[in-house]
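# Coordinate inspection notes
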Amino acid sequence: MKIVDARVIVCSPGRNFVTLRLETDTGLTGVGDATMNGRELAVAAYLEHHVCPLLVGRDASRIEDTWQYLYKGAYWRGGPVGMTAIAAVDMALWDIKGKAAGMPVYDLLGGRSRDRVLVYGHANGETIPEVLEWVGRYVGDGYRAVRVQCGIPGIASTYGVSSDKRYYEPADVDAPTENTWSSERYLDFVPSVIEAVRDEYGFDVHLLHDVHHRLRPIEAAQLGKRLEPFRLFWLEDAIPAELQEGFRIIRRHTTTPLAVGEVLPTIWDFRTLIVEQLIDYVRTSVQRAGGISHLRKIAALAEVHHVRLGCHGATDLSPVTMAAALNVDLAVPNFGIQEFMPHTDETYEVFPRSYDYRDGHLDLAGEPGLGVDIDEEAAARYPYRPAYLPVNRLEDGTMHSW
Ligand code: KDG
Ligand code: MG
């Protein structure tokens, strides 16, 4: 079964997506997500110029060999652009393999380890009363796990809080928005948010919180300690994780579970974190971490070190990534939770999917392959628009992680 066509589709049904579509001489097709928020065209160009020409004529059944060919063959290893491009190829090849076998990909990965996939929703508000209202809506919709994000008094805007509460989208069209940040104001305020949610809703619902890479290790350690009485499911991306050893400091001081990794593309970026058991959840995604083939290896390393999988599932990961993630989530033994931010109706129009939300969980219908596709005619109605993630400065103007 040879690949006869490889093309990149860039579209913007509500937000930008980059999708790879492979076609084989048997007529089977496969899709992969290559979206990198705010840098979309870099991956599209990498695929178009440096990957698609190498795919045509290759045997579509050789998934691992193609992965190694693109990874080792580039000489320039890793990095978010290259790994996202490889991820898209890998997803598309698993999609084709599933269709050729007449099986959902999770069956090819060993079959279901569970009946359905626990997800968390993203409740946010400018103020504590608004947060409480939105946590209540998620709980009312059946969610068993909710991530809680609140505006910080004295800071004009922050990660995770938006005017459209159902569809959180941080990217801004045309140019990056400049936000202001103060770790001091944040640390003084955020424990009272989580406390208020526990007071109102008790301990039956899992609560999560995303720091979005903004603290230093000792600050994160203090926060984790202060949040212990409220029993978080996880504290996410407490510090930037380029320096994996930074987590030793956090771990030494707190028993709050730690999740990290939505920007980390390879198993080597996780090695110290996993092997030293410095974290509890790996948070990368099929799309960021080289596709199903590579994420599976990260999950296996995590499994033997008591670390579970909690994949990133923000709106910039297309329904193709969500379907691929669900196939992995259903199959691996050490699944923890899946982030679920619903896409807009326009996005779902472009990406027909076979997964659905019910009672705090997602599940796949069991279609052969990934269980998702792209409607190219619909995609053509939504042309690409340049968009950027915000940037962050401290109150004195110093650049800070967003
Ligand atoms: O593109 C960036 C978003 O995916 C990110 O800001 C969302 O942190 C995020 C999350 O946990 O969903
Ligand atoms: Mg996050």
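Now for a description of the structure that goes with this document. (Residues numbered from 1 in each chain as written. Chains lettered and ligands numbered in written order. Predicted model: local features only at pLDDT ≥ 70, side-chain atom pairs only at ≥ 80, totals over all residues. Heavy atoms only, no water.)

### Thoughts on the coordination of the magnesium ion (ligand 2)
Reference values for angles at a metal are 109.5 degrees in the four-donor tetrahedral case and 90 or 180 degrees in the six-donor octahedral case. The protein atoms that coordinate the magnesium ion (ligand 2) are Asp210 (OD), Glu236 (OE) and Glu262 (OE), at distances spanning 2.0 to 2.2 Å. In the primary structure, the donors to the magnesium ion (ligand 2) are separated according to the pattern D-x25-E-x25-E. On the criterion of sequence distance, the pair formed by aspartate 210 in strand 8 (residues 206–210) and glutamate 236 in strand 9 (residues 234–236) is long-range, its members being 26 residues apart. Note on accessibility: aspartate 210 and glutamate 236 belong to one class, buried. (Donors = N, O, S within 2.8 Å, 3.2 Å for Na, K, Ca; no water. Helix = DSSP H or I, 4+ residues; strand = E, 2+ residues; numbered from the N terminus. Buried < 20%, exposed > 50% of the residue type's maximum accessible area, 1.4 Å probe, protein only.)

### Side note on the sheet that holds strand 17 (residues 391–394)
The strands making up a sheet are joined through hydrogen bonds of the backbone, oriented either antiparallel or parallel. Spatial strand order, 7-17-18: three strands in an open sheet with mixed pairing. The open sheet has two edge strands, strand 7 (178–181) and strand 18 (399–400), and neither has a second partner. Where strand 7 and strand 17 come together, four bridges link them in parallel fashion. Directly across from threonine 180, in strand 17, lies its bridge partner arginine 393. (Pairing = 2+ DSSP bridges.)

### A word on the pairing of strand 15 (residues 361–364)
Across two bridges, the pairing between strand 4 (residues 117–125) and strand 15 is antiparallel. Considered in strand 15, the bridge of valine 117 is made with leucine 362. The pairing of strand 14 (residues 355–358) with strand 15 spans four bridges and is antiparallel. Of the residues in strand 15, the one forming a bridge with tyrosine 357 is leucine 362. Turn length for the strand 14-strand 15 hairpin, with the two strands adjacent in sequence and antiparallel, is two residues, and the turn residue aspartate 359 shows positive phi of about 50°.

### Regarding the packing of aromatic side chains
Across all of its chains, the model carries 14 aromatic pairs by this definition. Members of the aromatic cluster, each reached through a chain of ring pairs, are Tyr120, Phe233, Trp234 and Tyr281. Sitting over the ring of phenylalanine 203, arginine 198 keeps its end group 4.4 Å from the ring centre. (Phe/Tyr/Trp six-rings, centres within 6.5 Å; stacked < 30°, edge-to-face > 60°. Lys NZ or Arg CZ within 6 Å of the ring centre and 35° of its normal.)

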